[in-house]
Amino acid sequence: MKNVKVLGPGCKRCEATAQMVRDAAAKLGVPVEVEKVTDYSAIAGYGIASTPGIVVDGKVVHAGGLPKAEDLSRWLAA
Amino acid sequence: MAVSGRRWLLIHIMARNCGGCVNSGWFLAFLQGSSMGATAMGMQVGRERPAVWLGAAAAALAFWAFLYSQLVPFSEWAVGLLPLEQGGQAREAVKFFIYDTPKVLLLLTLVVFVMGVIRSFFSPERTRALLTGRREGVGNVAAAGLGIVTPFCSCSAVPLFIGFVSAGVPLGVTFSFLIAAPMVNEVALGLLFALLGWKVALTYLSFGLGVAIMAGWVIGRLNLEPWLEEWVRNVRASAAALPDKTITIVDRIEAGLEAVKDIVGRVWLWIIAGIAAGAFIHGYAPADLLASVMGRDAWWSVPAAVLIGIPMYSNAAGIIPVVEALIGKGAALGTVLAFMMSVIALSLPEMIILRKVLSLRLIAVFAAVVGSGILAVGFLFNLLFA
């Protein structure tokens, strides 16, 4: 089970990113647990400067804007 | 001021930032259709063939130039079809609208596309790395410049602020970035260029940067770090190391298309509303009244414009067409630009967002410093473009 955190204050792009993660995981058949982090100090603790951010199993892989689908499957498959 | 103030407010209440509101309409449908077409085509010809993409981009540019060259004949032809009296007010208003709408949308699309491509070379994380530990002075200049080219949306303002400050970017330098980013943006520059010419656009660019640099420098000199909210001072995060991404030229062209879809798709309705309001002013508003209220002789109109601008919230899209029409009617350029800067850079909603990280005292200092800068710009513009 992979743990994926979507970092963002809850704007539209953050919602879209969370949905993209779920879709990509379903397509790959990788079981994931998607968690949304909306608290500003928690987001800041990951050391990013733009949202939405993506953290896969504790490692920051993306910050700022929607991720690309091919990048997402790479992060989830790794 | 009061006459047109209400109309402005109306336009701006409806405008939002950050892709939060999605307009449905023929223009957006067209954009989505064309970008989906481009994506589908890209999949067929393969993303590994950038030559095809570059060729398509060149062809699109040529088509753009053709459309642009047809603007005057098209507007004359279209107005001629309407049963309007030659030289009448209604005809003037309609002609203004029919000529300006496609012109502004065309120019804006090009500027936003180019800017989207340029921005694909930057990211807030990279900008932060460039600014960390930078001395004030040089740092303020760099931050204001980077504010123009770094992709940044207003819902990222708080994470960005904390991300910068906690990683060791000085407070004043962070402010220079945060002031320049919304104020000197491609929509404002593109519209000013389209409607008022390159001289005004360039002057706006340099004065906007000047305000951001000076205001950030002053805030840095005041040593206001203790006025940050306590939890912000306690965040100790090292900058995250993001994995490298390989970005190809195709990705950059796609980023440009994406920017057009996002930004133009969001603001086109407000531009049309702004041009319609501008056309009305163009055809009907009495020149004497406007000149006496917003003209160069009324010195108090600059501070009044700044104050009225604060509670309004918008990007540049809806205002600039109105600004052009007002100037045509004798309003002073400095006064209307001060109003515009105040609306964009000193917005109440943004201050409410920033209240999460800044104390009220710090917000007051921020507003006072930026407001004084805008005042200076307003008076200077009125002097220079006399």
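Look up a bit, the structure's there.
None of these values were measured; they are calculated from a predicted model.

A. Structural detail: unusual backbone geometry. With omega at -10°, the peptide bond leading from Thr51(A) into Pro52(A) counts as cis. Looking at the secondary structure, you find Pro52(A) in the loop between α2 (40-45) and β3 (53-56). The phi dihedral of Asp57(A) is positive, around 45°, even though this residue is not glycine. Among the secondary structure elements, Asp57(A) is positioned in the loop between β3 and β4 (59-63). For Asn223(B), which is not glycine, the phi torsion reads 50° and is therefore positive.

B. Structural detail: the environment of Pro151(B). Take Pro151(B): it is sitting in the loop between α7 (138-149) and α8 (157-166). C-beta crowding within 10 Å serves as the criterion here: with 21 such atoms nearby, Pro151(B) is assigned to the buried category. Note: C-alpha distance between Pro151(B) and Phe122(B) (29 residues apart in sequence) is 7.0 Å. Once residues within four sequence positions are removed from consideration, Pro151(B) is found in contact with Gly64(A), Gly65(A), Arg119(B), Phe122(B) and Ser123(B).

C. Seen up close, the interface of chain B and chain A. Taken together, the contact pairs 27 residues of chain B with 21 residues of chain A. Mapped onto the side of chain B that touches chain A, the elements with two or more residues apiece are α6 (124-131) and α8 of chain B. Ranked by residues supplied to the side of chain B that touches chain A, first place goes to α8(B) with seven residues. Counted by class, the side of chain B that touches chain A contains 16 nonpolar, seven polar and four charged residues.

D. Spotlight on the nonpolar core. Counting 124 residues, the largest nonpolar core has Ile179(B), Ala180(B) and Val336(B) as the members making the most contacts within it. If we ignore the near neighbours within four places in the chain, the residues touching Val336(B) are Met294(B), Val323(B), Leu326(B), Ile327(B) and Ala331(B).

Scoring rules and cut-offs
Residues numbered from 1 in each chain as written. Chains lettered and ligands numbered in written order. Predicted model: local features only at pLDDT ≥ 70, side-chain atom pairs only at ≥ 80, totals over all residues. Helix = DSSP H or I, 4+ residues; strand = E, 2+ residues; numbered from the N terminus. Buried ≥ 20, exposed ≤ 12 C-beta atoms within 10 Å, placed from the backbone. Contact = placed C-beta atoms within 7 Å. Nonpolar A, V, L, I, M, F, W, Y, C, P; charged D, E, K, R; others polar. Core = buried A, V, L, I, M, F, W, Y, C linked by C-beta atoms within 7 Å.

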